[in-house]
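Here is what each chain is made of, one letter per residue.
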Amino acid sequence: MRKNLNACYYSDYLQLNKLLDAQAMESEKHGNPAHDEMLFIVTHQAYELWFKQLLHELRSVMALFAGPVLDDNALATVVHRLKRFTAIQKLINDQIGVLETMSPQDFLEFRDYLVPASGFQSVQFKELEILLGLRRTQRTQADRDFFYSRLNDKDRNYLLGLEQQETLSEQLDRWLSRLPLLDFEDFAFWEHYRKGASEMLDSDETIIRTTFDGKERDNQLAELAATRDRFMALFDDSHYQQLLKEGQLNFSHDALMSALFINLYRDEPLFQLPFQLLTTLMEIDELFTAWRYRHVLMVQRMLGSKIGTGGSSGSDYLRRNTEANRLFTDLYAISTYLLPKHALPVLPAKVKKRLGFSLGGE
Ligand code: HEM
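Residues numbered from 1 in each chain as written. Predicted model: local features only at pLDDT ≥ 70, side-chain atom pairs only at ≥ 80, totals over all residues. Heavy atoms only, no water.

The protein has the name Tryptophan 2,3-dioxygenase in an unreviewed UniProt entry, where Gallaecimonas pentaromativorans is given as its organism. Entered under Pathway (unreviewed entry) in the UniProt record, the comment concerning the protein runs "Amino-acid degradation; L-tryptophan degradation via kynurenine pathway; L-kynurenine from L-tryptophan: step 1/2." (UniProt positions renumbered as here; feature names shortened; annotations may be inferred.)

Right under this line is the structure:
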């Protein structure tokens, strides 16, 4: 028997009448159709659709983090969805190559019709930045100015409201801080760690003193003293607070120590999911940075030193954002504090058991 074709029909389900009717070329409206404007519109629309999916994944992850506990099942879901997030990022980073098949001269055929519209009016892009944890104070002055001055009232108010909400970065800090990795009853882990760090730095000093001399030795010793200082900040609250004030670190002390502990013992089956979470977040940052960088190169190729349609200095403005708008930078700082495996004590069985209960959410 033939099925009722109207029950759920492909084009109705996907609302293709709306979707495929939404490519209105400005150049055509001005009676001067430019062939490549279709590619420009479709590429941007494809980006916005993928931004929608990224926000869908991100909000679901943030809802799981917002709960009182994050048990193993929830953590596995978080990691799975964030990995999907990175798979989408890789795909959209490659889309730039498709748009680059448009020549700079072909872009000139329709560019002036777009003024003053600009990518920095992409609310979904800003939403992603804000929810992931990019702080307003971190943005360059130009980014801060353009951010709100180029948006209409509705978009500006929406994003201002979003800036009041807890971000994924803050949720991560809260989750790491509540892992009981800092208090081990009779197992004085951080004493072992401190001793291991001192021995490693002393050995580095011996190598410098026996290998170099003169100015080179002095420079290396000064670098080593700065590294020693950073290690010691982990055990000195006022020093740590100073690093927070200077913006060198953002995580609370407890969160940083937990993230460090997870990295030090990442081979323990217990820590594999938390470690994957931390590395996936760094991958998200790296893929965002890679996108920004590819976008800058494309902008340079298309515009040279011309200003953008939104009125920024173009590629210079975007290059500065590429450096400033980094996410989860504390996770990179952890590498400063890593010690080789042989310098670490074996975790006693009862400590593992306790951690197992806590990480599992019991
Ligand atoms: C011919 C291709 C493109 C050119 C020449 C271009 C140019 C620019 C320029 C000059 C800016 C700085 C703001 C301004 O003054 O307008 C900008 C910002 C931006 N563009 Fe593009 N763009 C292109 C393609 C894309 C695509 C495909 C996307 C994907 C969504 C995109 C997303 C953005 C975003 C999100 C910003 C804001 C970035 C920030 O403020 O950090 N752009 N673009």
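What follows is about the overall build of the protein. Along its length, the protein carries 18 helices and 0 strands. Based on the C-alpha atoms only, the size of the protein along its principal axes is roughly 75 × 70 × 35 Å. Sequence separation of 24 or more characterises 77% of the internal contacts of the protein that already satisfy a separation of 6 or more. Roughly 19,800 Å² of accessible area belongs to the protein as shown, and the carbon and sulfur atoms make up 54% of that amount. Here the protein carries 42 positive and 51 negative side-chain charges, and the mean point of each set is 3 Å from the other. (Helix = DSSP H or I, 4+ residues; strand = E, 2+ residues; numbered from the N terminus. Contact = heavy atoms within 4.5 Å. Areas by Shrake-Rupley, 256 points an atom, 1.4 Å probe, with all protein chains shown as cover. Lys, Arg positive; Asp, Glu negative; His and termini not counted. Charge placed at Lys NZ, Arg CZ, Asp CG, Glu CD.)

Octahedral six-donor coordination of a metal ideally yields angles of 90 or 180 degrees, compared with 109.5 degrees for tetrahedral four-donor coordination. A lone protein donor contacts the iron atom of the ligand, and this donor is His-295 (NE2), found at 2.2 Å. Within the secondary structure layout, His-295 lies in helix 15 (residues 272-303). (Donors = N, O, S within 2.8 Å, 3.2 Å for Na, K, Ca; no water.)

Let us now look at helix 13 (residues 237-245). Three or four residues apart is the spacing at which side chains of an α-helix point the same way, because the helix has 3.6 residues per turn. Restricting attention to buried positions, one finds in helix 13 the residues His-239, Tyr-240 and Leu-243. The buried residues of helix 13 occupy one face: seen down the axis, they fall within an arc of 100 degrees. In helix 13, the exposed positions that point more than 90 degrees away from the buried face belong to Asp-237, Ser-238 and Lys-245. Elements that come into contact with the buried residues of helix 13 comprise helix 12 (214-233) and helix 14 (253-264). At the C-terminal side of helix 13, Gly-247 shows a positive phi close to 80 degrees. (Buried < 20%, exposed > 50% of the residue type's maximum accessible area, 1.4 Å probe, protein only. Arc of directions from axis to C-beta.)

The next point concerns the site of the ligand. Taken together, 28 residues form the shell around the ligand, and within it Ser-118, His-295, Gly-310, Ser-312 and Asn-321 come nearest. One of the side-chain N or O atoms of Lys-126 is found 3.4 Å from an oxygen atom in the ligand. At 2.7 Å from an oxygen atom of the ligand is found a side-chain nitrogen or oxygen belonging to Ser-312. When residues of the shell around the ligand are traced back to their parent elements, those giving at least two are helix 4 (37-66), helix 7 (123-132), helix 15 and helix 16 (315-324). (Near = heavy atom within 4 Å. Polar contact = N/O pair within 3.5 Å; in protein donor to acceptor, adjacent residues only side chain to side chain.)

Next up on the list: the nonpolar core. Leu-172, Phe-189, Tyr-193, Phe-261 and Leu-277 are the most contacted members of the largest nonpolar core, which has 98 residues in total. Residues in contact with Phe-189, not counting those within four places in the same chain, are Phe-184, Phe-261, Leu-264, Tyr-265, Leu-344 and Pro-345. (Core = buried A, V, L, I, M, F, W, Y, C linked by side-chain atoms within 4.5 Å.)

Attention now goes to the side chain of Ser-27. Mapping Ser-27 onto the fold places it in helix 3 (residues 26-29). On the basis of relative accessible area, Ser-27 is assigned to the buried category, the value being 0%. Within polar-contact distance, the side chain of Ser-27 engages the side chain of Glu-37 at 2.6 Å. If sequence neighbours within four positions are ignored, Ser-27 has contacts with Asn-32, Pro-33, Ala-34, Glu-37, Phe-110 and Tyr-113.

Right, let's get into the UniProt feature "binding site: heme" (unreviewed entry) in the protein. Within this numbering scheme, the UniProt entry marks His-295 as carrying the feature "binding site: heme" (unreviewed entry). Setting aside residues no more than four positions away along its own chain, His-295 makes contact with Ile-96 and Leu-318.

Taken from the UniProt record, the annotation "binding site: substrate" (unreviewed entry) applies to Phe-40, Ile-41, Val-42, Thr-43, His-44, Arg-111 and Thr-309. The annotated residues contributing to the lining of the largest pocket are Phe-40, Ile-41, Thr-43, His-44, Arg-111 and Thr-309. Among the secondary structure elements, Ile-41 is positioned in helix 4. What Ile-41 contacts, discounting residues up to four positions off in sequence, is Ala-22, Gln-23, Ala-24 and Met-25. Counting through the fold element by element, Val-42 comes out in helix 4. (1 Å grid on protein atoms, 1.4 Å probe; cavity = no way out; pocket = protein on both sides within 12 Å on 5 of 7 lines; lining within 4 Å.)

A cis amide bond links Val-115 to the next residue, Pro-116, at an omega of 0 degrees. Its identity as a non-glycine residue notwithstanding, Gln-15 has a phi of 50 degrees, on the positive side. Residue position: Gln-15 is located in the loop between helix 1 (10-13) and helix 2 (16-19). Overall, the relative accessible area of 41% leaves Gln-15 in the partly exposed class. Here the phi dihedral of Phe-328 falls at roughly 50 degrees; this positive angle occurs in a residue that is not glycine. Within the secondary structure, Phe-328 sits in the loop between helix 16 and helix 17 (329-333). Classification of Phe-328 by relative accessible area gives buried; the value is 6%.

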